[in-house]
Structure formats: structure tokens, C-alpha cells
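Listed below, chain by chain, are the residues.
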Amino acid sequence: MKTDVIKLDASAAGSIELDDAIFGLTPRSDILHRMVRWQLAKRQQGTHSVLGKSEVSYSTKKIYRQKGTGGARHGSRKSPTFRHGGTYKGPTPRSHAHDLTKKFRALGLRHALSAKAGAGNLVVIDTAEVAEAKTKSLAAAVRNLGWKRVLVIDGAEVNANFARAARNIEGLDVLPSIGANVYDILRRDTLVLTKSAVEALEARLK
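About the criteria used
- Residues numbered from 1 in each chain as written.
- Predicted model: local features only at pLDDT ≥ 70, side-chain atom pairs only at ≥ 80, totals over all residues.
- Heavy atoms only, no water.
- Phe/Tyr/Trp six-rings, centres within 6.5 Å; stacked < 30°, edge-to-face > 60°.
- Lys NZ or Arg CZ within 6 Å of the ring centre and 35° of its normal.
- Axes fitted to C-alpha atoms, helices over the stretch in contact; angles between N-to-C directions.
- Helix = DSSP H or I, 4+ residues; strand = E, 2+ residues; numbered from the N terminus.
- Left-handed = near helix turned anticlockwise from the far one by under 90°.
- Contact = heavy atoms within 4.5 Å.
- 1 Å grid on protein atoms, 1.4 Å probe; cavity = no way out; pocket = protein on both sides within 12 Å on 5 of 7 lines; lining within 4 Å.
- Points joined across faces, edges and corners; volume = space filled by probe spheres on them.
- Core = buried A, V, L, I, M, F, W, Y, C linked by side-chain atoms within 4.5 Å.
- Buried < 20%, exposed > 50% of the residue type's maximum accessible area, 1.4 Å probe, protein only.
- Expected span 1.5 Å × (residues − 1).
- Pairing = 2+ DSSP bridges.

1. Points about the packing of aromatic side chains
Aromatic rings in a pair are described by how distant their centres are and how their planes are angled relative to each other. What the rule picks out here adds up to 0 aromatic pairs. The ring centre of phenylalanine 104 lies 4.4 Å from the NZ or CZ of arginine 34, which sits over that ring.

2. Notes on the packing of helix α3 (residues 102-118) against helix α7 (residues 195-205)
Remark: α3 packs on α7, axes separated minimally by 10 Å, with the N-to-C direction vectors making an angle of 145°. With respect to the hand of their crossing, α3 and α7 are arranged in left-handed fashion. Across from Ala106, Leu109, Arg110 and Leu113 in α3, the residues of α7 making contact are Leu201, Arg204 and Leu205.

3. So, the layout of surface pockets
Taken as a whole, the largest pocket encloses approximately 210 Å³ of empty space. What lines the largest pocket is a set of 13 residues, among which Arg105, Ala106, Leu109, Ala180 and Arg204 lie closest to the centre. Broken down by secondary-structure element, the contributors of at least two residues to the lining of the largest pocket are α2 (29-43), α3 and α7. In terms of residues, the lining of the largest pocket owes the most to one element, α3, which gives 4 residues.

4. Remarks on the nonpolar core
Within the largest apolar cluster, 30 residues are counted, with the highest numbers of intra-cluster contacts made by Phe23, Leu113, Leu122, Ile153, Ile185, Leu191 and Leu193. At the level of secondary structure, the elements contributing two or more residues to this core comprise α1 (20-23), α2, α3, β3 (122-125), β4 (150-153), α6 (182-187), β6 (190-194) and α7. Dropping the residues within four chain positions of it, isoleucine 185 is found in contact with Leu109, Ala112, Leu113, Lys116, Leu151, Ile153 and Leu191. Core analysis: the second largest hydrophobic core is formed by 18 residues, Ile125, Ala128, Val152 and Val192 among them.

5. With respect to α2
Between its first and last C-alpha, α2 extends 21 Å over 15 residues, near the 21 Å set by a 1.5 Å rise per residue. Taken residue by residue, α2 has Ile31, Leu32, Met35, Val36, Trp38, Gln39 and Ala41 as its buried positions. Contact partners of the buried residues in α2: α3 and α6.

6. As for unusual backbone geometry
The phi torsion at histidine 84 lies on the positive side, around 65°, for a residue other than glycine. The residue histidine 84 is located in the loop between α2 and α3 in this model. For lysine 89, which is not a glycine, the phi torsion comes out positive at approximately 50°. Relative to the helices and strands, lysine 89 is located in the loop between α2 and α3. Look at lysine 89 and you get exposed, because its relative accessible area is 71%.

7. Here we look at the sheet that holds strand β2 (residues 12-17)
Across the sheet, which stays open at both edges, the 6 strands sit in the order β2-β1-β3-β6-β4-β5 with mixed pairing between neighbours. Of all the strands in the sheet, the pair left with one neighbour each is β2 and β5 (172-175). For this sheet the average axis-to-axis angle between neighbouring strands, irrespective of direction, equals 30°. Pairing geometry for β4 and β6, over 4 bridges, is parallel. Within β6, the residue paired with leucine 151 across the bridge is leucine 191.

Now the structure itself:
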């Protein structure tokens, strides 16, 4: 698959051949769904916690006599049946993460890249570099290109001036190629790859 390459000033910079095995697949929503669930579950803190019967603070003295009250027989105010008693089988701190194989995760990233390419929301630029770390000039360039909610993926390292200039622009995220992931790709309207990002992703996913 051949696609045009542009510069940040919207001028043409030639073309590049994209690997059909990575950018030309028919996207499968079930694979993308499993990948997004895996990512979101993995980053959940899992710090939810409640007090059980053995953890609430109450006296262990029997609350009233065993017989003669005409009511149920109770021995502890900590019981879940009482107000402020312990919670029965409540949430405890745990990890929400579940496993997905490396092969499946790579497949998910291929389908996410193919989804953007197939929808016409993939842009390849020559480089993501600016001479000065000026937010105003980069914001103007982004506006001229018509990008609103965009993810820019660079090569092994992101240009320091570009990263600093992009930091305060709403709707613009920047990642190195090693940080490319399904969730961030899908949550933005436009995916922008540098030529070095294309090379790094193709080497990573072959």
C-alpha cells in the first residue's frame, strides 16, 4: 500500500510503501475490543476495600442472652446483619489484570493501525521536529493541517522541542514507537506516523 508523505507545513515530501500485513488488514472489532479491555483492566488500581466481620471495631461480648428474648440468637454485633457490621464477601484489594499472549497483542496493534488506514485517518509525515519549542507555532501548524484529536507517533525517541511544544496543545498526544498501543490509537480521530515510526512499527510487528 502506497501513501503520500507530507511535512508539518503541509507540503509534499514524497511517498512511502506501507506493509499490507500491518496496515492493510480488515479490522476485527472483537480483537480490538479484547485489546481495549485488557489495557483498561491492567491499569485499574484495584485498591477497593471494605471491612469484614473480623475487621470492624466492636466488642466481642455477647450482645444479649441466648434465650428468652423472643428474637434470633446472636453473639456478635459484628455480624453483617447489623448496622455497621462487617460486609460479607465485599471487595478487597486485587489486580484486575488478565493475560493476553504476545502474539494476540501484536495482532491487536496491527488491526488498530489497519483500522485507521482503512478509514483514511492515517497520516504519514516526514519528521516530527521543530526548530524551537514554541507551542504557538506548532498549534498553528496543527490547525492548518486540520488536526483536532490526534496522536503523533515518532521513532525510538520523540524530538525534545516537538514534545515540549505539543505539551500544552489540547487533543494532541505524542508517543515514541515503543509506546504505540491500541487504546491510544483508537481514542484519537487521526493517527500521525513519522517515517521512522513506520519503520519501527514494521520491524516490531513482522
